[in-house]
Amino acid sequence: MAIQPAVLNIMTDARPQAGPSDSAPQHGAHEHGAAQICAALHADVTVDRVQRVVTATMTNPAGAPPVDVIVSAGNAAGRRPQRLRVGPGANKRFVQTPTGPDGDYSFSITAPGGFYRAFSGLVIPAGMNALAVATASAVPGPDGVRVRLENPGGQPVTMTVTSYTVAGGVEIVLLPAMHATCLDMPLAADGSYDLMITTNNSTRLSYRYAGMINRQDRGDPSPVYLDVIAGW
């Protein structure tokens, strides 16, 4: 029988505080158009352990306005931020090849309306499955953010999901080897979200997801949300 991941919900009296270097765009008064862009756009990352490349895919659903995103490579000295336009019903990809002896990667994605993603970690080469190999992804929906945590390695790993917009929003998950689980993290009252996903192992995974879901859009899930969840 499969071992179920242990999930510990840590309740706090105040919102967790983001560190100065981890600050995502603040959610204040959003223009309607910018908030629509933020709600429609989806971006996440995949790590290819065979080719040792990291790919971010930005998806803009059909019928949404085109959106300009800025991709900044955090560990590439001298590399300027890239501006990419993602049209309606289109995808754009950003690929980073980890450099250096550690094989680490780091980059961020920003877009109008407070949309922010940041991804950093270490690529564990294929075949080294005796280690804990943590991966994570997240997709906002009408009622919250669905987070998927996975450990395809051979050792347990502890993963922490922290919400900076909801008081008491800390989930600590002890994930056994070769297991995955999903969590649903709530939105703030104004529809905003700001999540940090970290691990306690050598992958040094640290992912940040921040943005806004409009109140008027919090009805049926978007096609992008349904497609991502179906893939999980």
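Calculation notes
Residues numbered from 1 in each chain as written. Predicted model: local features only at pLDDT ≥ 70, side-chain atom pairs only at ≥ 80, totals over all residues. Heavy atoms only, no water. Salt bridge = Lys/Arg side-chain N within 4 Å of Asp/Glu carboxyl O. Helix = DSSP H or I, 4+ residues; strand = E, 2+ residues; numbered from the N terminus. Buried < 20%, exposed > 50% of the residue type's maximum accessible area, 1.4 Å probe, protein only. Pairing = 2+ DSSP bridges. Axes fitted to C-alpha atoms, helices over the stretch in contact; angles between N-to-C directions. Phe/Tyr/Trp six-rings, centres within 6.5 Å; stacked < 30°, edge-to-face > 60°.

A. Expanded view of the pattern of salt bridges. One pass over the full model with this rule turns up four salt bridges. R85 serves as the salt-bridge partner of D68, at 2.8 Å between the closest nitrogen and oxygen. You can see D68 sitting in strand β4 (residues 67-73) and its partner R85 sitting in strand β5 (residues 82-86), a full 17 residues away along the chain. Residue classification places R85 among the partly exposed positions, given a relative accessible area of 49%. Where R148 meets E150, a salt bridge forms, and the shortest distance between an N and an O atom there is 3.7 Å.

B. Structural context of the sheet that holds strand β10 (residues 144-151). Reading across the sheet, the three strands line up as β9-β10-β13 and stay open at both edges, with antiparallel pairing between neighbours. At either margin of the open sheet sits one strand with a lone partner, and together these are β9 (135-140) and β13 (179-186). Neighbour-to-neighbour, the strand axes of this sheet turn through a mean angle of 15°, independent of strand direction. In terms of strand pairing, β10 meets β13 through eight bridges, oriented antiparallel. What sits directly across from G144, in β13, is P186.

C. Molecular detail of the packing of aromatic side chains. Evaluation of the coordinates by the stated rule reveals four aromatic pairs. Considering the side-chain rings of F119 and Y209, the 5.7 Å spacing of their centres and the 80° angle between planes classify their relative orientation as edge-to-face. With F119 in strand β8 (residues 115-122) and Y209 in strand β15 (residues 206-212), the pair connects residues that are 90 residues apart, well separated along the chain. This pair shows no difference in class: F119 is buried, exactly as Y209 is.

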